[in-house]
Amino acid sequence: MIGIFVNVSTILVGSFIGGFVSRGISGKYKTGLFNALGLAIVALGANAAVHNLPKSDFPVLFIASLAIGAAIGIRLDLDGHFHRLLDSVKGGSKLAEGLSTAILLFCIGTLSILGPIESRINGNNTYLFTNATLDFVSSIILSSAYGFWIAPAAIVLFCWQGLLYLFCGVIAPYMTPPLMAEVSILGGIFLMSTGFTILEIRNCKTLNMMPSLLVPPVFFFILGLIK
């Protein structure tokens, strides 16, 4: 699990570096940083979605996934529960926004998903080391805007990648290119909606859409039974 520990460590180090830097940044510069960060996340999300749409064998699946997932998320009020959990902390609203952005950025990506599986099966940590480099830079930028509280996202990443690592024998056969394409499309859309929230264009309550990620695996599982 050395690759996972490296990935988590880079986020923690990057968060503390960015947190110290943020103390010396005045309000108007932080506003500019938020704008830059929002635009960058929208661009990353758009790139992921557009890049993977041609790979989809079922172009309507991501739309159905978003609709079903959003309905479940709204019913469970995932976004509301998350914000209420952090309301007791100073700057709870901004903290919830920053932490949810960090979790999405670190966890929902091809490298973050395939990395632990490749590490466990083939002993190859290349994906995880590459992801660690990207997350190091991202964590510095995020914590520069939101402060030290981005660091707990590293714990979520450790749990996420740890589960993938431990259960890769069960998961790996189902991680087909068509499924990964659908997950990547949804991940790109989640990043775009997060970027829109940071830019204050529209609060899409991205966390309410997270159950959408469960729809493609269920769909392909049922499809496999039919075939």
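Residues numbered from 1 in each chain as written. Predicted model: local features only at pLDDT ≥ 70, side-chain atom pairs only at ≥ 80, totals over all residues. Heavy atoms only, no water.

Student: Sorry if this is basic, but what is going on with the packing of helix H3 (residues 61–76) against helix H10 (residues 177–198) here?
Tutor: Helix packing for two helices is described by the angle between their axes and how far apart those axes are. Across the interface, H3 lies against H10 with an axial gap of 10 Å and an inter-helix angle of 55°. Our classification of the angle between H3 and H10 gives oblique. Crossing geometry of H3 relative to H10 is assigned as right-handed. Contact residues: Leu-61, Phe-62, Ser-65 and Leu-66 in H3; Glu-182, Ile-185, Leu-186, Ile-189 and Phe-190 in H10. The class makeup of the residues in the contact of H3 with H10 is seven nonpolar, one polar and one charged. (Axes fitted to C-alpha atoms, helices over the stretch in contact; angles between N-to-C directions. Helix = DSSP H or I, 4+ residues; strand = E, 2+ residues; numbered from the N terminus. Parallel < 35°, antiparallel > 145°, perpendicular 65-115°, else oblique. Left-handed = near helix turned anticlockwise from the far one by under 90°. Contact = heavy atoms within 4.5 Å. Nonpolar A, V, L, I, M, F, W, Y, C, P; charged D, E, K, R; others polar.)

Student: Help me understand the environment of Phe-220 in this model?
Tutor: Along the chain, the position of Phe-220 falls in helix H11 (residues 215–226). Accessibility expressed as a relative area gives 18% for Phe-220, which makes it buried. Once residues lying within four places of it in the same chain are set aside, the contact partners of Phe-220 are Phe-58, Leu-61, Pro-178, Leu-179 and Glu-182. (Buried < 20%, exposed > 50% of the residue type's maximum accessible area, 1.4 Å probe, protein only.)

Student: Would you mind going over unusual backbone geometry with me for this structure?
Tutor: Among all residues except glycine, the phi angle is most often negative; among peptide bonds, the trans geometry is most common. Positioned with a positive phi, Asp-77 is a non-glycine residue whose angle comes to about 55°. With phi around 50°, Lys-205 is a residue other than glycine that occupies positive phi space. Mapped onto the secondary structure, Lys-205 falls in the loop between H10 and H11.

Student: Please explain H11 as it appears in this structure.
Tutor: For an α-helix, 3.6 residues make a turn, and residues three or four places apart therefore share a direction. The terminal C-alpha atoms of H11, which comprises 12 residues, lie 17 Å apart, in line with the 16 Å expected from a rise of 1.5 Å per residue. Buried residues belonging to H11 abut H3 and H10. (Expected span 1.5 Å × (residues − 1).)

Student: Quick question: what am I supposed to make of the packing of aromatic side chains here?
Tutor: A ring pair, where both rings are aromatic, is described by two values, the distance of the centres and the angle of the planes. Overall, the coordinates contain six aromatic pairs when judged by the stated rule. With a centroid separation of 5.8 Å and an interplanar angle of 70°, the aromatic rings of Phe-58 and Phe-220 are classed as edge-to-face. Within this pair, whereas Phe-58 is found in the loop between helix H2 (27–52) and H3, its partner Phe-220 is found in helix H11, the two being separated by 162 residues in sequence. Phe-58 sits in the partly exposed class, given a relative accessible area of 29%. (Phe/Tyr/Trp six-rings, centres within 6.5 Å; stacked < 30°, edge-to-face > 60°.)

Student: Sorry, what's going on with the side chain of Ser-144 here?
Tutor: Here Ser-144 is to be found in helix H7 (residues 126–146). Overall, Ser-144 belongs to the buried group, its relative accessible area being 7%.

Student: It is not clear to me how helix H1 (residues 2–22) should be interpreted in this structure. Could you clarify?
Tutor: End to end, H1 covers 30 Å across 21 residues, agreeing with the expected 30 Å (1.5 Å per residue, within 8%). By the burial criterion, the buried members of H1 are Gly-3, Ile-4, Asn-7, Val-8, Thr-10, Ile-11, Gly-14, Ser-15, Gly-18, Gly-19 and Ser-22. Down the axis, H1 shows its buried residues gathered within 160° of arc, on one side only. Exposed and facing more than 90 degrees away from the buried side of H1 are Ile-2 and Phe-20. (Arc of directions from axis to C-beta.)

Student: Can you help me understand the confidence of the model for the chain in this one?
Tutor: Predicted coordinates in regions of low pLDDT should not be interpreted in detail. Confidence in the prediction for the chain averages 84 pLDDT; 94% of positions are at 70 or higher. Looking over the chain, one finds the lowest element-wise mean pLDDT in helix H9 (residues 168–171), namely 77, and the highest in H3, namely 93. (pLDDT = per-residue confidence, 0-100.)

Student: Explain the side chain of Gln-161 here, please?
Tutor: One can find Gln-161 in helix H8 (residues 153–166). There is a polar contact of 3.2 Å between the side chain of Gln-161 and the side chain of Asn-7. If we skip the residues at most four places from it in the chain, Gln-161 touches Ile-4, Asn-7, Ser-112, Pro-116, Leu-128 and Asn-131. (Polar contact = N/O pair within 3.5 Å; in protein donor to acceptor, adjacent residues only side chain to side chain.)

Student: Help me understand the layout of surface pockets, please; the structure alone is not making it clear to me.
Tutor: Over the atoms rolls a probe the size of a water molecule, and its path tells where empty space is left. Approximately 950 Å³ is the volume found for the largest pocket. Residue lining of the largest pocket: 29 residues in total, with Trp-160, Val-183, Leu-213, Leu-214 and Pro-217 positioned closest to the centre. Secondary-structure elements contributing two or more residues to the lining of the largest pocket are helix H5 (92–107), H8, H10 and H11. Top contributing element to the lining of the largest pocket by residue count: H11, with six residues. Of the pockets and cavities examined, the second largest pocket occupies roughly 620 Å³. Lining the second largest pocket are 26 residues, with Leu-44, Leu-105, Gly-109, Leu-134 and Leu-191 positioned closest to its centre. Elements represented by at least two residues in the lining of the second largest pocket include exactly H2, H5, helix H6 (110–122), H7 and H10. Classifying every residue of the lining of the second largest pocket by side-chain character gives 16 nonpolar, nine polar and one charged. (1 Å grid on protein atoms, 1.4 Å probe; cavity = no way out; pocket = protein on both sides within 12 Å on 5 of 7 lines; lining within 4 Å. Points joined across faces, edges and corners; volume = space filled by probe spheres on them.)

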